[in-house]
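# Tertiary structure, described
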Amino acid sequence: MSELPEWMYPPRAEGWFAEDLDHLPQAPPRTELRHGSLVFFLRPRSAWHSRVTAALATAIDRTAPAGWTVDYGTAVILDRWNRTRPDIVVGITGHDPGRIRFTADEVVLVVEVVSPDAAHADRVVKPEKYAEAGIPHYWVIEEEDGLPVVHVYELDTNVGAYAPGGIFRGRLQRSVPFPVDIDLDALVPAPKGKKRAD
């Protein structure tokens, strides 16, 4: 067994801190931090995942209030030992072209588009972490027959955990965190040889 590269060893006994990842250019782009440990996602994203992420970010951006920011692939620092890289982040800060991360208190909504290498994290691990950090809204996008299905969660501040807000197919209509009306089926091209129902 070969030895790990020097950069993979944490700089202190307590493990990695969230800000350490800003100074770790050797790490893969999708590196996250959980409980002070590095987590690598190395599989390339599917075309479906990339298409849904980009199209949904654009749709959310069209409806977000003025002065809010919609980004994808930007890191979120949840606390000192936890840093994720959600597929989409909606923040209450204005656009900053030099931004490389958000803090949890700047984030209103995180969206994860489920992929095979991150399915357990998106469905089980991250909801707990995002809720602990106080992020009010969490959406999980699943693929069903080639189309996106949105599982919506809202933070119940009385218990510090997410409560289900609904499962949406075809159309996503919500009044929180701001009015949203998105044609979900239009986020992806019709499957080959099929036409969309009008």
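Here the structure is shown first, and the text comes after it.
Here the structure is a predicted model, which means the values were calculated and not measured.

## Quick look at the packing of aromatic side chains
The tally for this structure, following the rule as stated, stands at 6 aromatic pairs. Among the aromatic residues, those joined into a cluster by ring pairs are Y130, Y138, Y153 and Y162.

## Concerning the nonpolar core
The biggest cluster of nonpolar side chains holds 25 residues, and the ones touching the most others in it are I60, W139, I141, L172 and I182. Those elements that provide at least two residues to this core are α1 (47-63), β6 (88-91), β8 (107-113), β9 (137-144), β10 (147-156) and β13 (180-183). Among the elements that make up this core, the one with the highest residue count is α1 (6 residues). Grouped together as the second largest cluster of nonpolar side chains are 16 residues, V76, F102, A104 and Y138 included.

## Structural notes on unusual backbone geometry
For the bond from V176 to P177, the omega torsion is 0°, close enough to zero to count as cis. Following the sequence through the fold, P177 ends up in the loop between β12 (171-174) and β13. Positive phi outside glycine occurs at H35, with the angle close to 55°. Structurally, H35 is set in the loop between β1 (32-34) and β2 (37-39). A positive phi angle is found at D145, which is not glycine, with a value near 55°.

## Points about the pairing of β8
Within β8, 7 of the 7 residues are buried, which leaves the element mostly enclosed by the surrounding structure. With 4 bridges connecting them, β6 and β8 associate as antiparallel partners. Within the sheet, the bridge partner assigned to V89 lies in β8 and is V110. As defined by bridge partners, β8 adjoins β9 across 5 bridges and the pair is classed as parallel. Within β9, the position partnered with V113 by the bridge is I141. Handedness of the β-α-β unit built from β8, helix α2 (residues 119-132) and β9 comes out right-handed.

## A word on α2
The first and last C-alpha atoms of α2 sit 20 Å apart over 14 residues, in line with the 20 Å expected at 1.5 Å per residue. The largest bend in α2 amounts to roughly 45° and is located at K126, with the proline P127 lying one to four residues further along. Residues of α2 that are buried: A119, A121, D122, K126, P127, K129, Y130 and A131.

## Some thoughts on the side chain of K129
Structurally, K129 is set in helix α2. Residues in contact with K129, not counting those within four places in the same chain, are H35, L78 and N82.

## Let's talk about the sheet that holds β10
The 6 strands are arranged β3-β6-β8-β9-β10-β11 in an open sheet whose pairing can be described as mixed. What marks the edges here is a single partner per strand, and that holds for β3 (69-71) and β11 (161-169). Taken over all neighbouring pairs, the strand axes of this sheet differ in orientation by 15° on average, direction set aside. Across 8 bridges, the pairing between β9 and β10 is antiparallel. When the sheet's bridge partners are listed, E143 is paired in β10 with P148. Contacting β3, β6, β8, β9 and β10, α1 crosses the sheet at an angle of about 155° to β8. In the packing of α2 onto the sheet, contacts are made with β8, β9, β10 and β11, and the angle to β9 comes to roughly 170°.

## Some thoughts on the pattern of salt bridges
For side chains bearing opposite charge, pairing can occur when the charged atoms are close. Under the counting rule described, the total for this entry stands at 15 salt bridges. A salt bridge links D22 to R83, with the nearest nitrogen and oxygen atoms 2.8 Å apart. In this pair, D22 sits in the segment before β1 while R83 sits in strand β5 (residues 82-84), placing the two residues 61 residues apart along the sequence. With relative accessibility at 4%, the residue R83 sits in the buried group. The shortest N-O distance in the salt bridge between E32 and R34 comes to 3.4 Å. Grouping residues by exposure puts E32 and R34 together as buried. Here the salt bridges share partners, and the residues they tie into one network are E32, R34, E112, D122 and K126.

Reading the values: rules and limits
- Residues numbered from 1 in each chain as written.
- Predicted model: local features only at pLDDT ≥ 70, side-chain atom pairs only at ≥ 80, totals over all residues.
- Heavy atoms only, no water.
- Phe/Tyr/Trp six-rings, centres within 6.5 Å; stacked < 30°, edge-to-face > 60°.
- Core = buried A, V, L, I, M, F, W, Y, C linked by side-chain atoms within 4.5 Å.
- Buried < 20%, exposed > 50% of the residue type's maximum accessible area, 1.4 Å probe, protein only.
- Helix = DSSP H or I, 4+ residues; strand = E, 2+ residues; numbered from the N terminus.
- Pairing = 2+ DSSP bridges.
- Right-handed = clockwise from strand over helix to strand, strands pointing away.
- Expected span 1.5 Å × (residues − 1).
- Bend = angle between axes of the 7 residues up to and from the residue.
- Contact = heavy atoms within 4.5 Å.
- Axes fitted to C-alpha atoms, helices over the stretch in contact; angles between N-to-C directions.
- Salt bridge = Lys/Arg side-chain N within 4 Å of Asp/Glu carboxyl O.

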